[in-house]
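This is what each chain is made of:
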Amino acid sequence: MAARAADFARLARYGLFGGAAFPSYLGRTDAALRALHEQGVEVHLRVLEPADYEDYCEAFGLDPGAAAARVAYAADPELAGEPFVYAGERLAELLPVLVDDHRARVRISVSCAVLLTAVGEGPRGRSLMEAVMRHVTGVYLALAGGAGEGCHLLTLNCHGPEDGEELATAAELCIDGGRLFAGGRDAEAFCVTLAAGTAARGTGALLLHRDPAAPDGPQVCGWALADGRLRPMSVREVLDALAEAANRGLPLPPGSAAVPAFALPPFPAPGGSGRGHSDAAEDGGGPMA
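Throughout what follows, the structure given in this document is the object of discussion. Going along each chain's sequence as written, the residues are numbered from 1 onward. Reporting of local features is limited, given that this is a predicted model, to residues whose pLDDT is at least 70; pairs of side-chain atoms are given and counted only at 80 or more, and all residues count toward the totals for whole chains, interfaces and linings. The side-chain quantities take in all heavy atoms of the structure and omit both hydrogens and water.

## Observations regarding helix α3 (residues 50-60)
Convention followed: Per-residue accessibility, obtained with a 1.4 Å probe over protein chains only, is compared with the maximum for each type, and a residue is labelled buried under 20%, exposed over 50%, and partly exposed between these values. Going along the chain from the N terminus, every DSSP run of H or I of four or more residues is numbered as a helix, and every run of E of two or more is numbered as a strand. Think of it as the arc spanned by the lines of direction from the helix axis to the C-beta atoms. Residue contacts follow a heavy-atom distance rule, with two residues in contact if any of their heavy atoms lie within 4.5 Å.
What α3 keeps buried is the set Pro50, Tyr53, Glu54, Tyr56 and Cys57. Along the axis of α3, the buried positions cluster into a sector of 160°, meaning they face one direction only. The exposed residues of α3 that point more than 90 degrees off its buried face are Glu58 and Ala59. For α3, the elements touching its buried residues are α1 (5-12) and α4 (67-74). Positive phi shows up at Gly61, right after α3, with a value of about 65°.

Structure below.
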């Protein structure tokens, strides 16, 4: 379905919606979804994104205005991850969640392509893929262990060494009573993006924004990604990374302070032994207003 007014207007040029206005389209869709759900039919939703849909139709020689094209696009087997299942929610409440899910799927698809290209094929590629995924799992669990109680925010930006393609993602990391709660599609996107940056030997920054409600207040620490390997950032480096994030529109809680990072597992060296990283973290933290 078209989830945003601008998308709806662009797709309406193909005659997909029978001349209906966006509010009317949403009302009809809401009623249709509820009727199907009440009949016990499991409905999977997918965002009908104009640029992606047009590219898909061009690649397969389909008429964008034909119902068959929409069906084929919705059923594309390369759609990342498990389906988004409608559970009877009001459409007004569901749309923001659906759009967020779609954005995470896009991040997963792009990062997966980078990851698969970086590891290559054959036995060597499979071995590298296994090592990368084990490493990313260990890093994610270490982030959860070091973050402490509360709902924290992880942000990751990295660039490939060759074409400089930027991969960016963000995910909540929630710990309650010492238990890590599943982060859904955003957590999946974070892990795949980190795997891509690791395998492609990219550069970038991983930041942990601690829960503002934590006893010590909102703190931020980080790790630099260099040549695909993570090392703790100094306080100054964290401040510089936050300034770049602010330029991209990422809000920062008032009174946040940069603090030294804790240790993360190193990427295993050939033969299975660990390889350490220099700890460039400085003592103390600086307020950021």
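## Some thoughts on the packing of aromatic side chains
Under the convention used in this document: Pairing of aromatic side chains requires ring centres within 6.5 Å, counting the rings of Phe and Tyr and the six-membered ring of Trp. Pairs whose planes differ by under 30 degrees are stacked, by over 60 edge-to-face, and all others tilted.
Considering all chains together, one arrives at 10 aromatic pairs under this definition. Between Tyr140 and Phe190, the aromatic rings sit 6.3 Å apart at their centres with planes inclined by 50°, giving tilted as the arrangement. Here Tyr140, found in helix α6 (residues 122-147), pairs with Phe190, found in helix α7 (residues 184-199); they are 50 residues apart in sequence, far enough to count as distant. Across this residue pair, the class does not change: Tyr140 and Phe190 are buried. Joined through ring pairs, the aromatic side chains of Phe8, Phe17, Phe22 and Tyr25 make up one cluster.

## Considering the packing of α6 against α7
Applied cut-off: Inter-axis angles, ranging from 0 to 180 degrees, are taken between N-to-C directions of lines fitted to C-alpha atoms, where helices are fitted over the stretch in contact. An angle below 35 degrees is treated as roughly parallel, one above 145 as roughly antiparallel, one from 65 to 115 as roughly perpendicular, and anything else as oblique. Left-handed describes a crossing whose near helix is turned anticlockwise from the far helix by less than a right angle; the clockwise case is right-handed. Note on residue categories: nonpolar means Ala, Val, Leu, Ile, Met, Phe, Trp, Tyr, Cys or Pro, charged means Asp, Glu, Lys or Arg, and polar means any other residue, Gly included.
Across the interface, α6 lies against α7 with an axial gap of 9 Å and an inter-helix angle of 125°. Judged by the inter-axis angle, α6 sits oblique to α7. The element α6 and its partner α7 pack so that their crossing is right-handed. Two secondary-structure elements touch here, α6 through Val132, Met133, His135, Val136, Val139, Tyr140 and Leu143 and α7 through Ala187, Phe190, Cys191, Leu194, Ala195, Thr198 and Ala199. Of the residues that constitute the contact of α6 with α7, the class distribution is 12 nonpolar, two polar and no charged.

## What about the environment of Leu98?
Summarising the element assignment, Leu98 is placed in helix α5 (residues 91-119). With relative accessibility at 1%, the residue Leu98 sits in the buried group. In sequence terms Leu98 and Ala3 are 95 residues apart; their C-alpha atoms lie 8.0 Å from each other.

## A closer look at the state of the cysteines
For clarity, the threshold we go by: Cysteine sulfur atoms that pair up within 2.5 Å are treated as a disulfide.
Applying the stated criterion across every chain yields a total of one disulfide. One disulfide bridge connects Cys151 with Cys174, the sulfur atoms lying 2.3 Å from each other. The sign of the S-S torsion, about 115°, decides the handedness of the disulfide formed by Cys151 and Cys174: right-handed. Pair noted here: Cys151 is in strand β3 (residues 150-159) and Cys174 is in strand β4 (residues 166-176), with a separation of 23 residues, a long-range link. By relative accessible area, which is 15% here, Cys174 ends up buried.

## A look at unusual backbone geometry
Positive phi, normally seen in glycine, also occurs at Arg201, with a value near 55°. You can see Arg201 is positioned in the loop between α7 and β6 (203-209). Arg201 sits in the partly exposed class, given a relative accessible area of 34%.

## Thoughts on the pattern of salt bridges
Put simply, the rule is: By salt bridge we mean one thing: a side-chain nitrogen of Lys or Arg within 4 Å of a carboxyl oxygen of Asp or Glu.
This structure, assessed with the given rule, holds 11 salt bridges. For Arg46, the salt bridge goes to Asp52, with nearest N and O atoms at 3.7 Å. A cluster of three or more residues bridged by salt bridges with shared partners is formed by Arg10, Arg13 and Glu54.

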